[in-house]
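The chain contents come next:
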Amino acid sequence: MADRIAHLSNTLLDNGYRLTRARLSILDGLVASEGHVSADGLADIVHESDPMVGRMTVYRTLDLLTELGLIRPVYQGSAAAHYILMDDGHHHHLVCSACNQVIEFDQCVLRGIEQIVKDHYQFEIQGHLLEIYGRCVDCRA
Ligand SMILES: [Zn+2]
Ligand SMILES: [Zn+2]
Ligand SMILES: [Zn+2]
């Protein structure tokens, strides 16, 4: 956990952002949430450890972290976006369209595609978030 926070903190510093106490509390909250949390959920977590951090500060910091590629919003149905911690550069989901279950999987098959994207589009990649959707084993039964 300390390693993840150090990595996130260093990315902020490397990009010229100050590591304020509020930002540090928000990074703490993100890592504590295991990297799947809504903005309001995160605001509640942060508020418990640091009541000085307001909701708007949490929203603004989420925007900044998204810009830096450290988190990505995902949208499921009409619910508020969830933020996924992308500090290791990639994340993969299987999403069931019937029951909305989200299954995490670690097998990465996209490194080759990243190289193709770099070569063909001169695109500087920050990471990838893969969502494969369909029907889970329970819903298929
Ligand atoms: Zn399902
Ligand atoms: Zn996930
Ligand atoms: Zn991957």
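Read on for an overview of the structure. Please read these numbers as outputs of a predicted model, since none were measured by experiment.

A look at the pattern of salt bridges
Part 1: For the structure on display, the rule yields 5 salt bridges.
Part 2: The salt bridge involving Asp87 is made with Arg4; its shortest N-O contact spans 2.9 Å. Residue Asp87 is found in the loop between strand E3 (82-85) and strand E4 (90-96), and its partner Arg4 is found in helix H1 (residues 2-14); the two are separated by 83 residues along the sequence.
Part 3: Measuring nitrogen to oxygen at the nearest pair gives 3.0 Å for the salt bridge that ties Arg21 to Asp50. Of this pair, Arg21 sits in helix H2 (residues 21-32) while Asp50 is found in the loop between helix H3 (39-49) and helix H4 (55-67), placing the two residues 29 residues apart along the sequence.
Part 4: Each of Asp40, Asp44 and Arg55 takes part in one network of salt bridges that share partners.

Here's the deal with the sheet that holds strand E1 (residues 36-38)
Part 1: Taking strand neighbours across the sheet as the criterion, the 3 strands line up as E1-E3-E2 in an open arrangement whose pairing is antiparallel. The sheet is open, and its two edges are formed by E1 and strand E2 (71-74), each paired on a single side. Across the sheet, the axes of successive neighbouring strands diverge by a mean angle of 30°, strand direction being ignored.
Part 2: Bridging between E1 and E3 involves 3 bridges; their strand directions are antiparallel. In the sheet register, Ser38 faces E3, and the bridge partner there is His82.
Part 3: Contacting E1 and E3, H3 runs over the sheet at an angle of about 95° to E1.

As for the sheet that holds strand E6 (residues 128-134)
Part 1: If you walk across this open sheet you meet the 3 strands as E5-E4-E6, and the pairing is mixed. Looking along the sheet, the strands with just one partner apiece sit at the ends: strand E5 (102-104) and E6. The average angle at which neighbouring strand axes cross in this sheet is 25°, direction not considered.
Part 2: Judged from the 3 bridges that link them, E4 and E5 form a sheet pairing that is antiparallel. Bridge pairing links Leu94 to Ile103 in E5.

Cut-offs and rules
- Residues numbered from 1 in each chain as written.
- Chains lettered and ligands numbered in written order.
- Predicted model: local features only at pLDDT ≥ 70, side-chain atom pairs only at ≥ 80, totals over all residues.
- Heavy atoms only, no water.
- Salt bridge = Lys/Arg side-chain N within 4 Å of Asp/Glu carboxyl O.
- Helix = DSSP H or I, 4+ residues; strand = E, 2+ residues; numbered from the N terminus.
- Pairing = 2+ DSSP bridges.
- Axes fitted to C-alpha atoms, helices over the stretch in contact; angles between N-to-C directions.
- Contact = heavy atoms within 4.5 Å.

Function cannot be inferred from these measures alone, as they are strictly geometric.
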